[in-house]
Amino acid sequence: MRKSDYLWRRDALVQRNRRVATATLAAMLAVLIVAIPLAALLPAPGHRQAVALLLLLIGIAAAVFHGWQRRHGRRGGLACGYCGTTLLGTAGDAAVATDRCGRCGERVFDES
Ligand SMILES: [Zn+2]
């Protein structure tokens, strides 16, 4: 793919994902806002379990969102053609700067 095609596809994907990312963060914030007063109602031994459960849920949500973003990046043609790593975020920025995949080192953009 040409670098200009990559940049166009990446910008379009970022625009689409921005709404989902905002909704995900708002949902996580809402859970936190609701969970904090509810955790205070629990007896003292339950606080640690409530915090652990909350952190687990946040971790699961972050992992699901990360996987979803990688899957969309691959479907949108934003992956290295050699090793398949998704060229988004810092990996994408590094590829744009060097024209090479940060994972396998192969050229990811066509000449011109
Ligand atoms: Zn690669």
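One can find the structure itself at the top, above this paragraph.
The following paragraphs examine the structure supplied in this document. In this text the structure is predicted, and so the values were computed from the model without any measurement.

Right, let's get into the overall build of the protein. Of regular secondary structure, the protein possesses three helices and zero strands. Seen in sequence order, the protein has helices and strands lined up from the N terminus as α-α-α. Computed over the C-alpha atoms, the radius of gyration of the protein is 19 Å, more than 25% above the 13 Å expected from 2.2 N^0.38 for a compact globule of 112 residues. Judged by the C-alpha coordinates and their principal axes, the protein covers about 65 × 25 × 20 Å. Split into buried and exposed, the 112 residues of the protein put 11% on the buried side. Residue pairs in contact within the protein that sit at least 24 positions apart in sequence constitute 42% of those at least 6 positions apart.

This part takes up the nonpolar core. As a rule of thumb, soluble globular proteins bury nonpolar side chains together. Within the largest apolar cluster, nine residues are counted, these being Y6, L78, A79, C80, L87, L88, A95, C101 and V108. Ignoring any residue separated from it by four or fewer positions in sequence, one finds C80 in contact with T85, L87, C101, R103, C104, E106 and V108.

A rise of 1.5 Å per residue sets the reference length of helix α1 (residues 3-41), with its 39 residues, at 57 Å; its end C-alpha atoms lie 55 Å apart and thus fit the reference within 8%. At N17, α1 shows its maximal kink, close to 30°. Of all 39 residues in α1, two are buried, a share of ten percent or less.

Rules and cut-offs
- Residues numbered from 1 in each chain as written.
- Predicted model: local features only at pLDDT ≥ 70, side-chain atom pairs only at ≥ 80, totals over all residues.
- Helix = DSSP H or I, 4+ residues; strand = E, 2+ residues; numbered from the N terminus.
- Rg over C-alpha atoms; globule rule 2.2 N^0.38 Å.
- Buried ≥ 20, exposed ≤ 12 C-beta atoms within 10 Å, placed from the backbone.
- Contact = placed C-beta atoms within 7 Å.
- Core = buried A, V, L, I, M, F, W, Y, C linked by C-beta atoms within 7 Å.
- Expected span 1.5 Å × (residues − 1).
- Bend = angle between axes of the 7 residues up to and from the residue.

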